[in-house]
Amino acid sequence: MGEVIGVIIFGAVIGVIARLVRPGPQKVGMLWTVIIGIVGALLGYLISGWLGVQDTPGIDWIRWVISIVAAVVLLGVYLGLTAKGTGGDSARK
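Thresholds, definitions, all that
Residues numbered from 1 in each chain as written. Predicted model: local features only at pLDDT ≥ 70, side-chain atom pairs only at ≥ 80, totals over all residues. Heavy atoms only, no water. Helix = DSSP H or I, 4+ residues; strand = E, 2+ residues; numbered from the N terminus. Polar contact = N/O pair within 3.5 Å; in protein donor to acceptor, adjacent residues only side chain to side chain. Contact = heavy atoms within 4.5 Å. Phe/Tyr/Trp six-rings, centres within 6.5 Å; stacked < 30°, edge-to-face > 60°. Buried < 20%, exposed > 50% of the residue type's maximum accessible area, 1.4 Å probe, protein only. Axes fitted to C-alpha atoms, helices over the stretch in contact; angles between N-to-C directions. Left-handed = near helix turned anticlockwise from the far one by under 90°. Nonpolar A, V, L, I, M, F, W, Y, C, P; charged D, E, K, R; others polar. Parallel < 35°, antiparallel > 145°, perpendicular 65-115°, else oblique.

Here Ser 67 lies in helix H3 (residues 61-82). A polar contact is formed between the side chain of Ser 67 and the backbone oxygen of Arg 63, at a distance of 2.8 Å. Those residues in contact with Ser 67 that sit more than four places away from it in its chain are Phe 10, Ile 14, Gly 40, Ala 41, Gly 44 and Tyr 45.

Moving on to the packing of aromatic side chains. For any pair of aromatic rings, the description consists of the separation of the ring centres together with the inter-plane angle of the planes. For the structure on display, the rule yields three aromatic pairs. With centroids separated by 4.5 Å and ring planes inclined at 85°, the aromatic side chains of Phe 10 and Trp 64 adopt a geometry described as edge-to-face. Of the two residues, Phe 10 is situated in helix H1 (residues 2-21) and Trp 64 in helix H3; the sequence distance between them amounts to 54 residues. Of the residues examined, Phe 10 reaches a relative accessible area of 15% and is grouped as buried.

A word on the packing of H1 against H3. Following both chains from N to C, one finds H1 and H3 inclined at 65°, their axes separated by 8 Å at the closest point. Seen along the crossing, H1 lies across H3 with a hand that is right-handed. Here Phe 10, Val 13, Ile 14, Ile 17, Ala 18, Arg 19 and Val 21 of H1 lie close against H3, whose contacting residues are Trp 64, Ser 67, Ile 68, Ala 71, Val 72 and Leu 75. Split into classes, the residues belonging to the contact of H1 with H3 amount to 11 nonpolar, one polar and one charged.

Axes are the key here: two packed helices are described by the angle between their axes and the distance separating the axes. Close contact between H1 and helix H2 (residues 30-51) brings their axes to 6 Å; oriented N to C, the two are set at 105°. Relative to H2, H1 is oriented roughly perpendicular. Between H1 and H2, the contacting residues are Val 7, Ile 8, Phe 10, Gly 11, Ala 12, Ile 14, Gly 15, Val 16 and Arg 19 on the first element and Met 30, Thr 33, Val 34, Gly 37, Ile 38, Ala 41 and Tyr 45 on the second. For the contact of H1 with H2, the residue count by class is 11 nonpolar, four polar and one charged.

Written out as structure tokens, the structure is:
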């Protein structure tokens, strides 16, 4: 149970940092921020494992950076998929 709570907290932090890093307006609720952060954190763990840097002494800065970058990318995908009123139709009016 402790791991689940830790992942949720870590995901929330990663999600908030991703929103701060990504420029521009963002209509994303807190729930989606946490979900995007959790998925970004899990991707960060996975990618850091592939790179062989998942176990570093002290704070895992590399894993944090990878997680934040993954969350920023996921946030961009989410915003692209949920954008309303943009695109070709609005330009034709």
